Amino acid sequence: MTVCDSTADVDEWFRDARALQIWGFPLVFAQRLRLRFTSPLEPHVDRPLTSAGAALNTMGHQRRLSDPTLTAGVAPNVDTLYSLAFVDLDAGSVALRMPDLGDRYYSVQIGEADSTTIAVQGQRTHGSRLPTLRIARAGSEVVTADDELLVACRTRHVMVAVRILVRPDDAEDLRRVIALQDSIVLDGPPAPGPAGDAATRALVLRERDDELRDPEGFLDSLDHAVAGVATADVPPVVRESMARLRGALHTGEQSTRARSQFAAGLSDGLDAIADRVGSLGRTTNGWSVNELGTDFGDDHLLRAAVALSQIYVNPADEALYPVCEVDEGGHQLSGEHSYDITFAADRMPPARFFWSLTVYHKRGLLCQNAIDRYAITDRTPGLTMADDGSLVVRLATTAPAEGAGNWLPTPSGDFRLMLRLYGPSDRGWSPPVVRRMSGGSSTTVGHR
């Protein structure tokens, strides 16, 4: 990222805006996620059963598995019920106490305001019973009890996300998980009342597209996001570039050209982020496999691309998330065609806890369909295995002639696939290719 002096030409404004978009996108998106779930203007508003939203410093619970009514965030899973809290650590530390989960999969993820994950604890790390987590801002004075595990965070706001596995076809299992959710305790500062200041109101009500593409909207949203990040974690060039670009927007004759190049740079940065989604790491059979998880290092474009497609992913030790947007010929996946994915009997997804294959439209949300199925999983009832033990999943907008057992409905337009491997047991495993069916037909699913 370059810092330009007062004689900077329009190309430098473009380059700075592009770099700021790439660096700042995860912070702005994570902030938008927090605002959507905590609803600062109406913190105690009724929320749908698919939302785990709640007021700041309060644990909310999702009571129904995700479906297309959930539009906050991106790429929600349909495997676990979420319990979720966004907390303000400048108001004080919080203590999280979990019930005994037995042999059921669960995890507690602590995500920071730049979309990175500071810790994931749960079945993988502690078995059935997690010790009390004391979550505090790094550098603050906090006293921990002997039985508490301290998680020190760099940012003012953090996300505490609890995932508990549930069987999608079992109403009684859902009730058991809801009872477990009700046993989760979050102790800490009280929830604030409704925000009344003009700055917060403007931030909350800003359209998503405006904070991504409009120069003033982008700068204001990024200002708010950066304010909650440790000074050492914001490169000086970021603050300098923000100040320089803001000045250019209000400098007489320069302002029109500056605004045009600023907006163009923001747009180009978004394009670069979207393009990187297809190459998050190892590319195999048309799938992009991010084996680094949340270990972004100085790769700001990777951090932004992961935020765009799967914000707040778990570290790779907890889960892997292969993403596919193309078929075996390299063509964009589209509801205009039908596809098959064949998992060989000896090459099933290698996951210690569970796996799932989920369809999202290009904006990363779930798609309404006739059978309310959004994923094929290791827990999906009624799957038919082929004679050789393989599993053939049909991707199509309409049910195949042979029945809906192995059918994963797709939207009419472009879409992407995400595999989830929780507790990955073979990092070298490659998902199979997605094969387009010629003429919309294929050999019979489950009988080949």
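Please refer to the structure higher up on the page.
Report on the accompanying structure.

Conventions adopted
- Chains are numbered independently. Their residues run from 1 in the order of the written sequence.
- Only residues with pLDDT of at least 70 get local features here, since the model is predicted, and only at 80 or more are side-chain atom pairs given and counted; chain-wide, interface and lining totals rely on the full set of residues.
- The basis for the side-chain values is all heavy atoms of the structure; hydrogens and waters are excluded.
- Only protein chains enter the accessibility calculation, which uses a 1.4 Å probe; a residue is then buried when its area is under 20% of its type maximum, exposed when over 50%, and partly exposed in between.
- Helix and strand labels come from DSSP, where a helix needs a run of H or I of at least four residues and a strand needs a run of E of at least two; each type is numbered from the N terminus.
- The criterion used for residue contact is that any of the two residues' heavy atoms lie within 4.5 Å.
- A pair of Phe, Tyr and Trp rings is counted when the ring centres sit within 6.5 Å of each other, with Trp represented by its six-membered ring. The angle between the planes then sorts it: under 30 degrees is stacked, over 60 is edge-to-face, the rest tilted.
- Lines fitted to C-alpha atoms define the axes here, with helix axes fitted over just the stretch in contact, and angles between the N-to-C directions of these axes take values from 0 to 180 degrees.
- These descriptions rest on fixed angle ranges, namely under 35 degrees for roughly parallel, over 145 for roughly antiparallel, 65 to 115 for roughly perpendicular, and the rest for oblique.
- We call Asp, Glu, Lys and Arg charged. Ala, Val, Leu, Ile, Met, Phe, Trp, Tyr, Cys and Pro are nonpolar, and the rest, Gly among them, are polar.
- Only one rule defines a salt bridge in this text: a Lys or Arg side-chain nitrogen within 4 Å of an Asp or Glu carboxyl oxygen.

A few words now on helix α9 (residues 300-310). Side chains of residues three or four places apart in an α-helix project in the same direction, reflecting 3.6 residues per turn. The buried fraction of α9 amounts to eight of the eleven residues, a majority that puts the element mostly inside the structure. Where α9 is concerned, the buried positions are Leu302, Arg303, Ala304, Ala305, Val306, Ala307, Ser309 and Gln310. Check the buried side of α9 and you find it contacts α1 (10-38), α8 (254-276), β13 (323-324) and β19 (415-424). The positive-phi residue at the C-terminal boundary of α9 is Tyr312, with phi of around 60 degrees.

Each aromatic ring pair is described using two quantities: the centre-to-centre distance and the angle formed by the ring planes. Per the counting criterion, the structure on display carries ten aromatic pairs. Centre to centre, the rings of Tyr105 and Phe354 are 5.6 Å apart; their planes meet at 70 degrees, and the pair counts as edge-to-face. Taken together, the positions of Tyr105 in the loop between β3 (94-97) and β4 (106-112) and Phe354 in strand β15 (residues 351-361) put the pair 249 residues apart, joining distant regions of the chain. Its relative accessible area of 3% is what places Tyr105 among the buried residues. Taking 5.7 Å as the distance between ring centres and 40 degrees as the angle between the ring planes, the aromatic pair formed by Phe343 and Trp355 counts as tilted. Here Phe343, found in strand β14 (residues 339-343), pairs with Trp355, found in strand β15; they are twelve residues apart in sequence, far enough to count as distant.

The geometry of α8 relative to α9 is characterised by a closest axis approach of 8 Å and an angle of 75 degrees between their N-to-C directions. Classed by the angle they form, the pair α8 and α9 counts as roughly perpendicular. Facing Ala272, Ile273, Ala274 and Arg276 of α8, the residues of α9 in contact are Leu301, Leu302, Ala304, Ala305 and Leu308. Residue composition of the contact of α8 with α9, grouped by class: eight nonpolar, no polar and one charged.

A full pass over the atoms with the stated rule returns 35 salt bridges. One salt bridge connects Glu211 with Arg32, and the closest N-O pair in it is separated by 2.9 Å. Of this pair, Glu211 sits in helix α5 (residues 208-213) while Arg32 is found in helix α1, placing the two residues 179 residues apart along the sequence. Linking Arg436 and Asp327 is a salt bridge whose minimum nitrogen-to-oxygen distance equals 3.2 Å. Residue Arg436 is located in strand β20 (residues 435-436), and its partner Asp327 is located in the loop between β13 and β14; the two are separated by 109 residues in the primary sequence. What makes Asp327 buried here is its relative accessible area of 4%. Put simply, Arg104, Glu172, Asp173, Arg175 and Arg176 are held in one network by salt bridges that share partners.

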